[in-house]
Amino acid sequence: MKKSSILPLLALTLAVAGCKSAHETTPTPRAAEPISFDDYFYDKTMRLDFYHCGDSLNEMYFFDELKQEPYFAGSHVSLTDSFNYGTQRFVLVDEASGKEIYSYHYCTLWDEWRCEPEASSVPTGMPESVVFPYPKHNAVAQIWSRLSVTETKKRGLKHQPWEKKFEYPIRTDNPFVRAFSPVYEVQDLHVAGATQHCLDIVLLPEGYTENEKDRFLDDCRLFISEFFRFEPWTSNQNRVNIRMVWAPSKESGVSIPSENKWFATNMKIAYDTFNSNRYQMTRDFQAVRDIAGHAPYDYIYVLTNSDKYGGGGIYNFYGIGAGHDRFGSSGAVHVHEFGHQMLGLGDEYVEIGNNISEQYQPGVEPYEANLTTLTDISSKPWAKEKAEPDSIFGESFAEGGGYLEHGVWRPYENCLMRALAYPFCPTCLKAVTDYLEYICR
Ligand SMILES: [Zn+2]
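Just so you know, the residues in each chain are numbered from 1, in the order the chain's sequence is written. Note on the predicted model: pLDDT of at least 70 is required for a residue's local features to be given, and 80 or more for side-chain atom pairs to be given and counted; whole-chain, interface and lining totals, by contrast, use all residues.

1. Looking at the packing of helix α4 (residues 213–227) against helix α6 (residues 330–343)
In helix packing, the relevant descriptors are the interaxial angle and the interaxial distance, both defined with respect to the helix axes. Test applied: Only C-alpha atoms enter the line fits that serve as axes; for helices the fit covers just the stretch in contact. Angles between N-to-C directions range over 0 to 180 degrees. Under the DSSP-based scheme used, a helix requires at least four consecutive residues in state H or I and a strand at least two consecutive residues in state E, with every element numbered from the N terminus. With respect to orientation, any angle under 35 degrees is reported as roughly parallel, any angle over 145 as roughly antiparallel, any angle of 65 to 115 as roughly perpendicular, and every other angle as oblique. Left-handed describes a crossing in which the near helix is turned anticlockwise from the far one by less than a right angle; the clockwise case is right-handed. Contact between two residues is assigned when their C-beta atoms, built from the backbone, lie within 7 Å.
Between α4 and α6, the least distance of the axes is 9 Å, while the angle of their chain directions is 65°. Relative to α6, α4 is oriented roughly perpendicular. Here the hand of the crossing between α4 and α6 comes out right-handed. Taken together, the residues of α6 that come into contact with α4 (itself represented by L222, F223, E226 and F227) are S330, G331, A332, H334 and V335.

2. Some details on the pairing of strand β13 (residues 311–314)
Operational definition: Three classes are used. A residue is buried when 20 or more other C-beta atoms lie within 10 Å of its own, exposed when 12 or fewer do, and partly exposed in between, with C-beta atoms placed from the backbone. Between any two strands, at least two bridges found by DSSP are needed for them to pair.
Burial along β13 is two-sided: the face carrying G311 and G313 and the face carrying G312 and I314 are both buried. Sheet analysis places β13 next to strand β14 (residues 318–322), joined by 4 bridges and oriented antiparallel. Counterpart to G312 in the pairing with β14 is I320. Turn length for the β13-β14 hairpin, with the two strands adjacent in sequence and antiparallel, is 3 residues, and the turn residue N316 shows positive phi of about 50°.

3. Observations regarding the environment of H406
Note on placement: H406 falls in strand β16 (residues 404–412). For H406, a count of 11 C-beta atoms within 10 Å gives the class exposed. Taking the C-alpha atoms as reference, H406 lies 8.6 Å from N354; in sequence the two are 52 residues apart. Those residues in contact with H406 that sit more than four places away from it in its chain are N355 and E399.

4. Observations regarding the environment of Y309
On the secondary structure map, Y309 appears in the loop between β12 (299–304) and β13. Given 20 C-beta atoms within 10 Å, Y309 falls into the buried group. Sequence separation between Y309 and P135 is 174 residues; the distance between their C-alpha atoms is 42 Å.

5. So, the sheet that holds β14
Strands sit in the order β9-β11-β10-β12-β14-β13 across an open sheet of 6 strands; the sheet is mixed. Since the sheet does not close on itself, it has two edges, and those belong to β9 (185–190) and β13, each with one partner. The sheet shows a mean angle of 25° between the axes of neighbouring strands, direction not considered. Summarising the sheet, strand β10 (residues 199–206) and strand β11 (residues 240–246) pair through 5 bridges and their orientation is parallel. If you follow L199 over to β11, its bridge partner there is V240. Strands in contact with α4 are β9, β10, β11 and β12; relative to β12, the strand with the most contacts, it is inclined by about 125°.

6. Here we look at unusual backbone geometry
Here the residue pair E231 and P232 is connected by a cis peptide bond, since its omega of 10° sits within 30 degrees of zero. Structurally, P232 can be placed in the loop between α4 and β11. Phi at N260 is positive, roughly 55°, even though this residue is not glycine. Residue placement: N260 occurs in the loop between β11 and α5 (285–292). We note that K268 has phi near 55°; this positive angle belongs to a residue other than glycine. Of note, K268 is situated in the loop between β11 and α5.

What follows is the structure, given as structure tokens:
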């Protein structure tokens, strides 16, 4: 099962991934020359809303709506993704030239749901969206998905191939692109520089009422102090912007279905996702985007008004953590979840006795930078050459990861993606740093 959820508290294990692998077969050619942002885009965002639907075997997309958002926080230079992480790939193709002018990769909650037992008998749909710089010319938006690991194995392939699932024409004369109407206050919390050259994080409140703004601000400050306690963030404070959007909820608290606790909150976030007590998520990503769009952002992180251990983070989607948990572990959890969210790093921890996985199978190499099944170690340099044992991270190249005891290997014995007590291992740190360079160009 694919889980980007938070690690078990007692196991205190975490996972990070971040390798470049170049096995993608993308039929759309990237522009031979570097793409000039100003030739193709306005400095604001277009958002494409849709429903991601299906069951364990089928995947479909249904168009919902196009929207404008006021800010585009991304790099004006790094416009096409070459990291090849994640399970979904968004591509914008310029209609006149047929070239790929913008792309990024991500994962979704729906991807995880489709590995749940329920998905073999019940189809479901979740509201999702993608965002991209606002096109100046007619273009085509495409969404690609990776073939499932099981199907990839059946076909005798080492890497999950991409399949195009959805296309939508973007017309510059389309009058039905909904305008943006701001309703919430935005506050700068740590602003270091121009959005296009910085990593921009927006913090959103869930389950804080109108009179709990100070509490939310305290939780934001905790996030910021913990975030900058970990490398590579400590030495990159001058390349990170953090803002918050003050969007109060009607009721105070976060829903916990297993305890029959329900609250009227903005984004309908709840614990118990996929029956995991600590996994906080929402099915409604569009509700998250509606609030986030008030500020410039590359990454969305939600603080929930809760003292119960838990969170979750999905690659280029969103991250969630309890604002102030009883064990005081909120800070490290935030950084762990951010590792999932920024890079799609794999969890390096193991669930004892678990030896079966839809996500990791011998014969198929994981896309995550920090996990290998030894199927194609050319894409994982750390698996080829064992590093010297490290005083903090222990032996290099250890068996166990991706929730499995056997058949999956991780770069080091210890890492933040395995246990909250550690920083990122050297492999994960490099992956995060490489990605930061890409975002800040
Ligand atoms: Zn690691």
